[in-house]
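# Coordinates in review
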Amino acid sequence: MKEITNRKRGIFMTCPKVGHINFLNVLPLTWSYAHGAADGLQIARGVPAELNSDIINHRLDVSNVSSIIYARHSEELVVLPDVCVSTDGDVESILLASRKPIESLKDDKIILTAKSATSHCLLKIILRLAYGAIPNYYVRHITPEDPIPEDATASLLIGDDALWLYHHPREGFYYYDLGLEWKKMTGKKMVYALWVASRRFAESQPEALQLVYDRIRHAFKTAELHKDAAIREILPQKPAFTYEQLEEYLGPIIRWDLTDEYLDGLRTFYKLAHEMNLIDHVPEIEFAAVRRS
Ligand SMILES: C=C(O[C@@H]1C=C(C(=O)O)C=C[C@H]1O)C(=O)O
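The chain is annotated in an unreviewed UniProt entry as Chorismate dehydratase from Mitsuokella multacida DSM 20544. Here is the UniProt Catalytic activity (unreviewed entry) comment for the chain, exactly as written: "chorismate = 3-[(1-carboxyvinyl)-oxy]benzoate + H2O". In its Function (unreviewed entry) section, the UniProt record describing the chain reads: "Catalyzes the dehydration of chorismate into 3-[(1-carboxyvinyl)oxy]benzoate, a step in the biosynthesis of menaquinone (MK, vitamin K2)."

From N to C terminus, the chain includes twelve helices and eleven strands. Relative to the 2.2 N^0.38 estimate, which gives 19 Å for 293 residues, the radius of gyration of the chain is 19 Å and therefore close to what a compact globule would have. Projecting the C-alpha coordinates of the chain onto the three principal axes gives extents of approximately 60 × 45 × 30 Å. For the chain, the proportion of its 293 residues judged to be buried stands at 47%.

What follows is about unusual backbone geometry. The backbone of D82 shows a phi angle near 75°, a positive value even though the residue is not glycine. Counting through the fold element by element, D82 comes out in strand β4 (residues 77-87). Judged by local crowding, D82 falls into the partly exposed class, with 19 C-beta atoms found within 10 Å. Of note in the backbone geometry, N277 takes a positive phi value of approximately 60° without being a glycine. Its place among the elements puts N277 in the segment after α12 (260-275).

Below, the discussion takes up the domain arrangement of the chain. On domain assignment, one finds that the chain holds domain 1 (2-87 + 190-275) and domain 2 (94-186). Each of domain 1 and domain 2 has a C-alpha centre, and these two points are 25 Å apart. If you look at the interface, domain 1 gives 20 residues, while domain 2 gives 16 residues. Those elements that place two or more of their residues in the side of domain 1 that touches domain 2 are α3 (48-56), α4 (67-72), β10 (190-198), α11 (243-253) and α12. Looking at the side of domain 1 that touches domain 2 residue by residue, the class counts come to 14 nonpolar, six polar and no charged.

What follows deals with the site of the ligand. Surveying the vicinity of the ligand reveals 17 residues, the closest of which are S66, S93, S116, S119 and Y192. Among the elements of the structure, α5 (118-131) and β10 are those that each provide at least two residues to the shell around the ligand. Split by residue class, the shell around the ligand holds ten nonpolar, seven polar and no charged.

For soluble globular proteins, nonpolar side chains are generally found buried alongside one another. Of all hydrophobic cores here, the largest spans 95 residues; its most connected members are L80, V196, A197 and L209. Residue-level mapping places this core at the junction of two domains, with at least three residues from each of domain 1 (2-87 + 190-275) and domain 2 (94-186). Residues contacting L80, with those up to four places away along its chain left out, are W195, V196, A197, Y213, I216, A288 and V290.

So, how was this worked out
By convention here, each chain's residues receive numbers from 1 onward along its written sequence. Local features in a predicted model are, by the rule used here, given only for residues with pLDDT of at least 70; side-chain atom pairs are given and counted only at 80 or more, and totals for whole chains, interfaces and linings are based on all residues. UniProt positions are given in the numbering used here, feature names are shortened, and annotations may be inferred rather than shown by experiment. In this text, helices come from DSSP runs of H or I with a minimum length of four residues, and strands from runs of E with a minimum of two, each type numbered from the N-terminal end. What the globule rule says is 2.2 Å times the number of residues to the power 0.38, and the radius of gyration is computed from C-alpha atoms. To assign burial, the other C-beta atoms lying within 10 Å of each residue's own C-beta are counted, with C-beta atoms placed from the backbone; 20 or more indicates buried, 12 or fewer indicates exposed, and intermediate counts indicate partly exposed. For the domain bounds, the source is a domain assignment made automatically or taken from a database. Residue pairs are scored as contacts if the distance between their C-beta atoms, which are placed from the backbone, is within 7 Å. Amino acid classes used here: Ala, Val, Leu, Ile, Met, Phe, Trp, Tyr, Cys and Pro are nonpolar; Asp, Glu, Lys and Arg are charged; the rest, including Gly, are polar. Each residue gets a C-beta atom placed from its backbone. If that atom is within 6 Å of a molecule or strand, the residue is near it. For the purposes of this analysis, a nonpolar core is taken to be any set of buried Ala, Val, Leu, Ile, Met, Phe, Trp, Tyr and Cys residues that are connected through C-beta atoms within 7 Å.

Pasting the structure below:
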């Protein structure tokens, strides 16, 4: 298999350029890449906003991206089946931090982390539909140590920043988990990130796409087997978290299977985003033509 792949790679492929959002929520894949799964791939690490832009601008062939980006560029992208970053309720790492209770937010100033795209929409949908609030939003760099700038009422954090804040909340603020808020409002699961390939790459290099898909899928399929090793390996780089915190986060909390129920949650998200003019159409979800494993 390896030989065939390598031979084919020699014929068709330069090294596929694969984006990797460097958050703890994809630790099984980070671990796999560090243990052989990155061989023959060119991995580019970044935050969602960077990789969202890189795939649209053809600097990447495949990447995990904010799920809303697929809706905005579905004509240029195809979705890899079976993999995503999602939750059924609490997410822990997408947090609204606020000086006021969420029920009393109205036209306040809210700062949105510059790293995100999906959660910006998720927050706008939840505040508008569940709380009747239409705040003024500004995108800015935010640090979890100083989560709400002086001039704002609330702010939105995602990823490891938000997970850190979840475990080290500053007293005197209110905190809202947007995975839980979404579940309370819609009863549905929520998909935050998808893996997508540029259509151009998918059509011109199907074997290379298959290789990348197989590696990503395998990493999440075997996540449970390597969970302990992956957490122990990352902990020295993430001293602000305990083993128990990551062990809970990477399993019961974060899910990676893009099953029908998660797709249903994703379609609901797109429908509401469209109703709020955050996207201009609700896309059909078109999957890459890979052999599923
Ligand atoms: C669950 C999370 O979802 C992330 C949220 C994203 C966004 O808001 O655009 C993008 C990728 C996801 O990995 C998280 O931030 O931890």
